[in-house]
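# Architecture and fold: a report
Here is what each chain is made of, one letter per residue.
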Amino acid sequence: MKIAILGAGIVGVATAYELACDGHEVTVVERHASVAEGASFANAGVLAPGYVTPWAAPGMPGKVLRQLLTKHASVRVSRPLSGGDIAWMRRWLRACDADTYLANRARLQRLAFYSRQRLNEVAGRMAYDFDRSNGYMVLLRGDQEREMAQPGLALLRELGVAFHEITGAEARQIEPALNPDTPLAAAIFLPEDGVGNCRQFAVILRDAAQQMGVNFSFNTPVARIDTAQPATIYVANDPTAHRFDALVVCAGVQSPELLAPLGIRLPMRPVYGYSVSAHVPEPVFAPRSGVMDERYKVAISRMGQRVRVAGSAEIGGTPDAINQHALQTLYKVLSDWFPSAGRLSRGVQVWKGARPMLPDGPPVIGPSGRPGLWLNLGHGSSGWALACGSARVLADQIAGRAPEIDPEGLGLDRLH
């Protein structure tokens, strides 16, 4: 089939690759100048399936409210706050119901573990590597964090995830550069998880897709999808209809605007995240792989010759307004654990990205209900961890095959 994909983030590029593997003629249409320029650009890079869980969980509303006025809150609400943001938060509150949470958690983690398997298979075919490190550690500063981690550990046991509860001293043996002056009560070490450079992998995957004949059309904003023929698109400043046999929407936070004229209402909002990346002057002072500060929900990852510190979840605001309090939290956590890891005096990359979040957690993968129109979107902050599995599930559905994992609950009908 002749298939178009809207969006060249990690999800769109992975989808293009999988469809090309199935022999389709694929075109990717992207408004930016290259792949992974949006939410995929400078994320934390964490690949830890056991920690991919819905944001909508029992007890979360209370945690968010208690944090809102604190200096180093992991969740922030910024102005302007639109009606869409408020409606999203209402749906998020309803999704915090225990039964809804358990169902969505199972869906997310089924997809996350399959995606890690698929990522490893795809990466094994590539002729060159990307910045990737094995091992992931959750740092527990005190007894409160250790107690709060227990429900998560019970879940990891239930899933059969390999992990070790270790002392602060043992954690420092695994990550010798951890600051000895910052109290560390304990840690959780996940040896089979790790971190990887999402954008770098997207570039590698783009090259592999191009070798199979995929055409990437960059700097090409999509104006609209034809409401009468949903596999037909019009690009900006061009009256020509571009017709395909199938169309896959992977356009991140732009997806609701493209789909609304077709009667498809997506309760998706941008939830902004931040990261700071800096050159590592001396590798001995930097993390070997990745760690997560459980108190502040901030990840510190090794990306080749750089260190990246990422976190925060900001609802409301605008894409170009940088919240200095969010950056201060990132710098604080980096200073607490790896004070000499990055050269912060120059060449620091500050990034703010819009995560395409659905209120209940899992993405939407599958048919749209309109002829020839397919969806692969709403991965939120877990796009990197879910991309390869999501792409393979969708490719199987388009081919009329049963996916290797059960896609129950990942369809658009879940949101109705």
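## Here we look at the pattern of salt bridges
- Applying the stated criterion to the full structure yields 23 salt bridges.
- Between D22 and R392 there is a salt bridge whose closest N-O contact spans 2.7 Å. Remark: R392 occurs in helix α11 (residues 383–398) and D22 occurs in the loop between α1 (10–21) and β2 (25–29); sequence separation between them is 370 residues.
- Classification of D22 as partly exposed rests on a relative accessible area of 28%.
- A salt bridge links D336 to K332; the nearest nitrogen and oxygen atoms lie 3.0 Å apart. Of this pair, D336 and K332 both sit in helix α10 (residues 324–337), 4 residues apart, roughly one helical turn.
- Exposure remark for K332: the relative accessible area of 25% places this residue in the partly exposed category.
- Put simply, E18, D22, R118, E121, R392, D396 and R401 are held in one network by salt bridges that share partners.

## What to know about the packing of aromatic side chains
- Throughout the structure, instances matching the rule amount to 6 aromatic pairs.
- Considering the side-chain rings of F201 and W384, the 5.6 Å spacing of their centres and the 50° angle between planes classify their relative orientation as tilted. Placement of the pair is F201 in helix α8 (residues 198–211) and W384 in helix α11, with a sequence separation of 183 residues. Per residue, the accessibility class of F201 equals that of W384, and both read buried.
- Every member of this aromatic cluster is reached through a ring pair, and the members are W55, W88 and W92.
- The ring of Y234 has R224 lying over it, and the distance from NZ or CZ to the ring centre is 4.0 Å.
- Above the ring of Y272, the side-chain terminus of K352 is found at 4.4 Å from the ring centroid.

## Overview of the sheet that holds β2
- Spatial strand order, β8-β2-β1-β12-β19-β18: 6 strands in an open sheet with mixed pairing. Two strands close off the open sheet at either side, each with one partner strand: β8 (215–217) and β18 (364–367). Taken over all neighbouring pairs, the strand axes of this sheet differ in orientation by 20° on average, direction set aside.
- Sheet topology places strand β1 (residues 2–6) next to β2; 5 bridges connect them, and they run parallel. The residue of β2 that forms the bridge with I5 is V28.
- Against the sheet, α1 contacts β1, β2, β8, β12 (246–249) and β19 (373–377), and its axis sits at roughly 170° relative to β1.
- Each of β1, β12, β18 and β19 touches α11; the most contacted strand, β19, lies at about 165° to it.

## Some thoughts on the side chain of N43
- Mapped onto the secondary structure, N43 falls in the loop between β2 and β3 (46–47).
- Contacts of N43, omitting those with residues within four sequence positions, involve C198, M303, R308, W351 and W384.

## Describing the sheet that holds strand β9 (residues 222–225)
- Read across the open sheet, the 3 strands follow the order β9-β10-β11; overall the sheet is antiparallel. Across the chains shown, the open sheet's two edge strands, defined by having one partner strand only, are β9 and β11 (242–243).
- Pairing between strand β10 (residues 232–235) and β11: 2 bridges, direction antiparallel. By the bridge assignment, T232 is partnered in β11 with R243.

## What to know about α11
- Along α11, the sharpest kink reaches roughly 30°, centred on G389.
- Most of α11 sits inside the fold, with 16 of its 16 residues counted as buried.
- Taken from the residues just after α11, G400 is the one with a positive phi, measuring 80°.

## Observations regarding the packing of helix α4 (residues 98–125) against α11
- Packing of α4 against α11 leaves a shortest axis separation of 7 Å and a crossing angle of 85°. Taken as axis vectors, α4 and α11 run roughly perpendicular relative to one another. Along its contact with α4, which presents L108, L111, A112, Y114, S115, R118 and L119, the element α11 presents W384, A385, L386, A387, C388, G389, S390, R392 and V393.
- Residues of the contact of α4 with α11, tallied by class, amount to 11 nonpolar, 3 polar and 2 charged.

Calculation rules
- Residues numbered from 1 in each chain as written.
- Predicted model: local features only at pLDDT ≥ 70, side-chain atom pairs only at ≥ 80, totals over all residues.
- Heavy atoms only, no water.
- Salt bridge = Lys/Arg side-chain N within 4 Å of Asp/Glu carboxyl O.
- Helix = DSSP H or I, 4+ residues; strand = E, 2+ residues; numbered from the N terminus.
- Buried < 20%, exposed > 50% of the residue type's maximum accessible area, 1.4 Å probe, protein only.
- Phe/Tyr/Trp six-rings, centres within 6.5 Å; stacked < 30°, edge-to-face > 60°.
- Lys NZ or Arg CZ within 6 Å of the ring centre and 35° of its normal.
- Pairing = 2+ DSSP bridges.
- Axes fitted to C-alpha atoms, helices over the stretch in contact; angles between N-to-C directions.
- Contact = heavy atoms within 4.5 Å.
- Bend = angle between axes of the 7 residues up to and from the residue.
- Parallel < 35°, antiparallel > 145°, perpendicular 65-115°, else oblique.
- Nonpolar A, V, L, I, M, F, W, Y, C, P; charged D, E, K, R; others polar.

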